[in-house]
Amino acid sequence: MSTRPATEPCDVTAAMDDVARVGPFFELPVVAAGNVAEPFARLHTDPGPLADRIARVRAGLGSDERVAASIAFQGLVARLVSAPLAAVVLHGVLPDLGGLCRVPGGEDPWAPCLAGPGGTSTPDPVEDPGGAAAVLGDELLDAQLVPLLEAVRGLVPVSGHVLRGNVASALAGSARVLDTARRASRPALLGVLGAVLDRPSLSGTGRLLRLEPGAADTEWGFRRRSCCLYYRVAGGGTCGDCVLTAR
């Protein structure tokens, strides 16, 4: 298993501009001048806005608070993981996620943005996917998403296994979009995704399924070992990667 390697500072502007072309959830711009931004990390200690977000989702779905917390968290995580994953896979760089922020008074108060154009290089995602995944896992999963998950659980008694499964599912969903848009990236994508899913913070959340396990460019899928609880919403159902979906 790779340990976290040394990284070098770099400007990620060109890489993030390219990543944004993959789709809307892959947009992670530098916060515009004049906007008043707040660090996402503030939610770890002041989860009031999360409580409001969960309440709005609950009202919209007509669900109980556990379902609402799970769905609200998964939607937020999907926006947070997509661009960093793509930046590592496509360009071998990671933006400075310590500067991950949002503009509460903006048109979209939950849209993630960056405080500046800085970032770090990662090991080559093809040659050393474990090393690239170590950088991504430390900075995105452990520093940002695990504390966010705990903040949600501090508000609502929802299973940590469910929420960690939501993170894994969001990563796999982002990977599927990236794979479709940039087919040539598949060997790097599967290597990094597999290594990230093997990290302790995501252990037991799901399986990356490869049609030909020894081939870098194989067809693939993902099956999670939990459910996001959407099936409990009136008229809801199960997602394609859900543990409850018939094989």
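Here, every reference points to the structure presented above.
What you see is a predicted model, and the numbers here were worked out from it, not measured in a lab. (Residues numbered from 1 in each chain as written. Predicted model: local features only at pLDDT ≥ 70, side-chain atom pairs only at ≥ 80, totals over all residues. Heavy atoms only, no water.)

This part is about the environment of Ala151. With respect to the secondary-structure elements, Ala151 resides in helix 5 (residues 129-155). We classify Ala151 as buried; its relative accessible area is 8%. The spatial distance from the C-alpha of Ala151 to the C-alpha of Val12 is 29 Å, given a sequence separation of 139 residues. (Helix = DSSP H or I, 4+ residues; strand = E, 2+ residues; numbered from the N terminus. Buried < 20%, exposed > 50% of the residue type's maximum accessible area, 1.4 Å probe, protein only.)

Turning our eyes to something else, we now look at the pattern of salt bridges. Following the criterion strictly, the structure yields 11 salt bridges and no others. Where Asp18 meets Arg21, a salt bridge forms, and the shortest distance between an N and an O atom there is 3.4 Å. We classify Asp18 as buried; its relative accessible area is 16%. For Arg182, the salt bridge goes to Asp18, with nearest N and O atoms at 3.1 Å. On the criterion of sequence distance, the pair formed by Arg182 in the loop between helix 6 (160-181) and helix 7 (186-197) and Asp18 in helix 1 (residues 13-20) is long-range, its members being 164 residues apart. (Salt bridge = Lys/Arg side-chain N within 4 Å of Asp/Glu carboxyl O.)

Glancing now at the side chain of Thr122. The residue Thr122 is located in the loop between strand 6 (118-121) and helix 5 in this model. Taking relative accessible area as the criterion, Thr122 reaches 12% and is therefore assigned buried. Contacts of Thr122, omitting those with residues within four sequence positions, involve Val88, Gly92, Val93, Leu94, Ala132 and Val135. (Contact = heavy atoms within 4.5 Å.)

In terms of burial, strand 8 (residues 220-224) is a largely internal element, 5 of the 5 residues being buried. Neither face of strand 8 is exposed, since Trp220, Phe222 and Arg224 on one face and Gly221 and Arg223 on the opposite face are all buried. Summarising the sheet, strand 7 (residues 206-210) and strand 8 pair through 5 bridges and their orientation is antiparallel. What sits directly across from Gly206, in strand 8, is Arg224. (Pairing = 2+ DSSP bridges.)

With that settled, consider the pairing of strand 6. Pairing between strand 1 (residues 9-11) and strand 6: 3 bridges, direction antiparallel. The residue of strand 6 that forms the bridge with Asp11 is Gly118. Relative to strand 6, strand 3 (residues 93-95) is paired through 3 bridges, and the arrangement is antiparallel. Bridging across to strand 6, Leu94 finds its partner in Thr120.

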